[in-house]
Each structure stands twice: as C-alpha cells, then as structure tokens.
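A structural walkthrough
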Amino acid sequence: MAFSSRSWSRALSLAIAAASVGFSASVNASMGNLGTTYGVMPVDVATAQSLSMFNDQVSATYYNPAYLTKDERGELTAGILHAEQELRSANPNAHGDILANSPSQHVLIGMKTNLGSLTRFEHPIYLGFIAGVEKYGKEMLAFDSQTTENGQFLQYGKEPLFLNIGGATPLWRGISAGASVRVTLDAQANLDAVSTLGGETSREKLAVNAEPSLKTILGTTIDLGSTLCPDSDCFLNGWETAFTYRTKSAASTSVDSNIIVTQTIPDPGLSLAVSTIDSFQPETFGFGAQYKGENWRVGGSVEQQNWSELENEFSSDTIKDQQSAPPGSRIQFDDVLIPRIGAEYALNKNFSVRGGIAYEESPLKSTRNPEINYLDTDKIVVGLGLSATYDRTRLLAHPVRLDIGYQYQQLQERDFTLVDFDGNETPVTADGDVHVVSGSITLKF
C-alpha cells in the first residue's frame, strides 16, 4: 500500500537521523480537510456549504445524516474536485511571495440505499457512505507533519483518505434523525536496525499498523410545516431546520525506532519516539434553516467550531513540541463562529442554479508561534453552481443528474512574526487565493 512505502521511507529517514544523532522534518502539514475547507460535493462547493445541511445527496453523511431520508430513492454518485491554491507570504528574506501552490485533487464516490426492505416493519432505514482519495485516486494514506522556518498554512494541504458512513430514519411528522461516523487512521510504525556512520542499514525490522478511529456525527431535521400543522396550510409550510454535531477528529502517526550505530552507539542502541497529528477537525455544533418555495429555496447556517481543543492535542505532539515551549510562546487557538448563506433557483425542470457566500474567521489566535510558524487568515468564500437533469434515458429507470460547482476563497491579509530555529524573527504578511472546481454525476435507483 502507499502507506507502507511512505512509512518505510520515513522510518529509514529516522535511521539516518539517528546515525547522525539528530532528527529533522521537512514536509508539508495541514489541519484542514476536504469537508471543512472546500465542500464535499458540487452543491456544497457552489453554496459555500450554506445549504449542505439540506443536501439530500450522499454528502449528507458528513454534514447532516438525517437528510438522507429526504429522497426515498437509492443513489450512486461519482465526483471529482480540483483546488488550485496560491498561498502567499510577503517575506523580505525570500525570493518570492508564493509559499505554497500545490493543488488538491480528489476523486469521490458515494452511495445511498433504503435498508427498510430487510425488515418486516416497513419502516425506511437509509444507509449512506462517501469516500474520497487524493491525487485522483493515486494516494490514499499519505501523512505529513513538520516544523519550518519559512511558514506554513494551517488549513490547506492533503488529506488523502476521506471516509464517512452512516444512516438515518424518519421519526415522526417531518422529524428525522441520523448518525454517521467519520473514519480516521491512527498509524504506528516500529523500526529496529543497525546502521553505519554512512547511513547504510542492515538487519532491519519494520512493523506498520494502522487502526481506524471512529468519530461521531449526529444530525436531526425538522420540517416545521409537517410537524406543527400537518393537516392545514400555515406560515410554517416550506420551513425546515437542522441541528448537527461533529466530534473532533484527527489523523495521527507514531514512530518508535531503535538504532544501533556501529562503532558509535552499541547495543541496546539509540531509541527515538515520534508522535504527531495531522488533518485536525474541531468539535462542531451547527444550526441551519431554509425556506422552500415552488421552484426556489434560500437558507443558511451557523457553525460553532471549537478549535481551542487543538492546543491540548499539540501538547503531546513531539514534532510541534509545545510542551517544552514557554507558556507565553505556545500556539493558541480561538473557537470561531462561521455564518453562511445561500440560495437555489430552478430555471425549469431540467436546470437549476445556486450560489452562496460565507465568512470564515481564522481560529489561529497567536501570530508568533516559534518554529511551527503556522499562518492563517480570515477568508471570504463565494460559490456558484449549476445542476442539469437528463430525463430521456433509454436504459435507466430514473433521470441522470449532473452537477458542477465553482468556489473562490479570498484570504485576507494578516501580519505574522516568523521565528527560525536560532530565534531570529522576521515580520511577514500572509494572504492568498484559492479556486475550486467540482463536478459529479448521480444515478438514482
């Protein structure tokens, strides 16, 4: 697997570092993920995630599992996402302003079906899952974590494996509830080897294990008209509300190695232990509401993201190494409130357009975090999208739906102080632009 190859290279790097009695890391890092940074499906991308709690596609397993009940038909969806990033840092000591411009490229697949026919109760029970893989399916389990002298952006980077699975069922008069789990991996690698001073190893023994970690996502949806006035017309008809909760999650890796260096470090050798996290998702509480007219809808949501919990995660991270830093120099995060608003309009029975806007405040409180040197800014997110339904299918029982979404993220300017490994300080200004294009095809059954 891709993980074994990368872990082998990382473990050998540890062996060479041990032979020179030192350790360094020089790779990309990120605390974002596909769902929180861009949006999972084109509808989520196009509406800046403002209508994601009311998206009846398979991405509901991440945003609001309860909305899987909205369409009784089964669904098979395949999608693709490409994000072009230009993340800048105006640094007087650098030759250019561009700090990172590596694209994010995901391929996604999801399915939803009604399992109610398996029981004798004739009560619908919907099951859905969605999976995404980086580099258009070529990279599943890569992992990066680093310190840096030049700065690194907090929420942009790779999260190769995106996996959610969950279910939902209607409860009573327009009220539905659902639950899902987000799957992350806790990886462990153990290396024993003998090395020369030149870095040549022998008698290597490597063991790699990756255990899934399941994090809960809960959601409920209330159709206010059906719940409060089911038998008559009232002003609540057309209104829906949603409440969601996501526990915090993060991918993690720990590496334990024991190296014997011939003529320098005898048996039992030098032990190195590294534990680090990546791709952190904060505990999130969400509330959303929408109003549906005859051929349009408008809605929005507010999310409370508890990023302050990341400070505790860093306290046990041996690469970020915040435990040994003075209390006043440790990295700090704020809990943030993110508002989003969006709308959708059906041009006719085959075409719909949608758009959305959001303002995302940066959770990074400290502008000076020595050696880690994280950069993060407030951002304005704007999206636009189109859906097309092709209903003249000769072989398929239901119409085929095509979606495309575009999103632009403008990272506002923010000043930081970079601190290198020798304690030298450099003032920089961070900003950036991100362009995201996403497309999908959906088959109903």
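Everything below is about the structure shown above.
For clarity, every value in this text was computed on a predicted model and none was experimentally measured.

The rules behind the values
Residues numbered from 1 in each chain as written. Predicted model: local features only at pLDDT ≥ 70, side-chain atom pairs only at ≥ 80, totals over all residues. Heavy atoms only, no water. Salt bridge = Lys/Arg side-chain N within 4 Å of Asp/Glu carboxyl O. Buried < 20%, exposed > 50% of the residue type's maximum accessible area, 1.4 Å probe, protein only. Phe/Tyr/Trp six-rings, centres within 6.5 Å; stacked < 30°, edge-to-face > 60°. Helix = DSSP H or I, 4+ residues; strand = E, 2+ residues; numbered from the N terminus. Contact = heavy atoms within 4.5 Å. Pairing = 2+ DSSP bridges. Disulfide = S-S within 2.5 Å. Patch = residues over 30% accessible without salt bridge, like charges linked within 9 Å, V, L, I, M, F, W, Y side chains within 5 Å. Areas by Shrake-Rupley, 256 points an atom, 1.4 Å probe, with all protein chains shown as cover. Lys, Arg positive; Asp, Glu negative; His and termini not counted. Charge placed at Lys NZ, Arg CZ, Asp CG, Glu CD. Core = buried A, V, L, I, M, F, W, Y, C linked by side-chain atoms within 4.5 Å.

Scanning the entire structure with this criterion turns up 20 salt bridges. The partner of Glu 86 in a salt bridge is Arg 88, with the nearest N and O atoms 2.7 Å apart. You can call Glu 86 partly exposed: its relative accessible area is 33%. Relative accessible area serves as the criterion here: at 15%, Arg 88 is assigned to the buried category. In this structure, Lys 320 and Asp 317 form a salt bridge, with 3.9 Å as the shortest nitrogen-oxygen distance. One connected set of salt bridges, linked through shared partners, spans Arg 246, Glu 303, Arg 340, Glu 360 and Lys 379.

Okay, the packing of aromatic side chains next. For the structure on display, the rule yields eleven aromatic pairs. Both rings, one in Phe 243 and one in Phe 287, keep their centres 5.1 Å apart while their planes meet at 45°; by these two values the pair is tilted. In this pair, Phe 243 is assigned in strand β9 (residues 239-246) and Phe 287 in strand β12 (residues 283-292), connecting sequence segments 44 residues apart. Residue Phe 243 is classed as partly exposed on the basis of its relative accessible area, which comes to 40%. Through successive ring pairs, a cluster of aromatic residues spans Tyr 62, Tyr 63 and Phe 162.

Below, the discussion takes up the environment of Val 428. Position of Val 428 relative to the elements: it lies in strand β19 (residues 425-444). The class of Val 428 is buried, set by a relative accessible area of 2%. Along the chain, Val 428 and Thr 417 lie eleven residues apart, while their C-alpha atoms are 6.1 Å from each other. What Val 428 contacts, discounting residues up to four positions off in sequence, is Ser 89, Ala 90, Asn 91, Leu 375, Arg 414, Asp 415, Phe 416 and Leu 418.

The next subject is the pairing of strand β8 (residues 201-223). One ladder, built from 20 bridges, connects strand β7 (residues 175-195) with β8; its direction is antiparallel. Paired with Val 194 across the two strands is Ser 202, which belongs to β8. Hairpin connection of β7 to β8: five residues between the antiparallel strands, including Gly 199 at a positive phi of 90°. Taken together, the seven bridges between β8 and β9 define a ladder with antiparallel strand orientation.

Here the focus is the state of the cysteines. One pass over the full model with this rule turns up one disulfide. Across the disulfide from Cys 229 sits Cys 234; the S-S distance is 1.9 Å. Taking relative accessible area as the criterion, Cys 234 reaches 26% and is therefore assigned partly exposed.

A word on a negative patch on the surface. Together, Glu 149, Asp 321, Glu 371 and Asp 422 give the surface a local cluster of negative charge. On the basis of relative accessibility, which here comes to 34%, the residue Glu 371 falls in the partly exposed class.

Among the secondary structure elements, Lys 215 is positioned in strand β8. Among the residues examined, Lys 215 registers a relative accessible area of 26% and is labelled partly exposed. Lys 215 sits 31 residues away from Thr 184 along the chain, and the two C-alpha atoms are 7.9 Å apart.

With 40 residues, the main nonpolar core has Met 31, Tyr 38, Val 40, Leu 310, Phe 314, Phe 333 and Tyr 374 as its most contacted residues. For this core, the elements supplying multiple residues, two or more each, are α4 (60-63), β1 (75-90), β11 (265-281), α7 (310-314), β14 (336-346), β16 (374-375), β18 (400-419) and β19. The biggest single contributor to this core is β19, with four residues. One finds Phe 54, Tyr 67, Leu 68 and Ala 168 within the second-largest nonpolar core, a separate group that totals eight residues.

Structural measurements only, silent on function.
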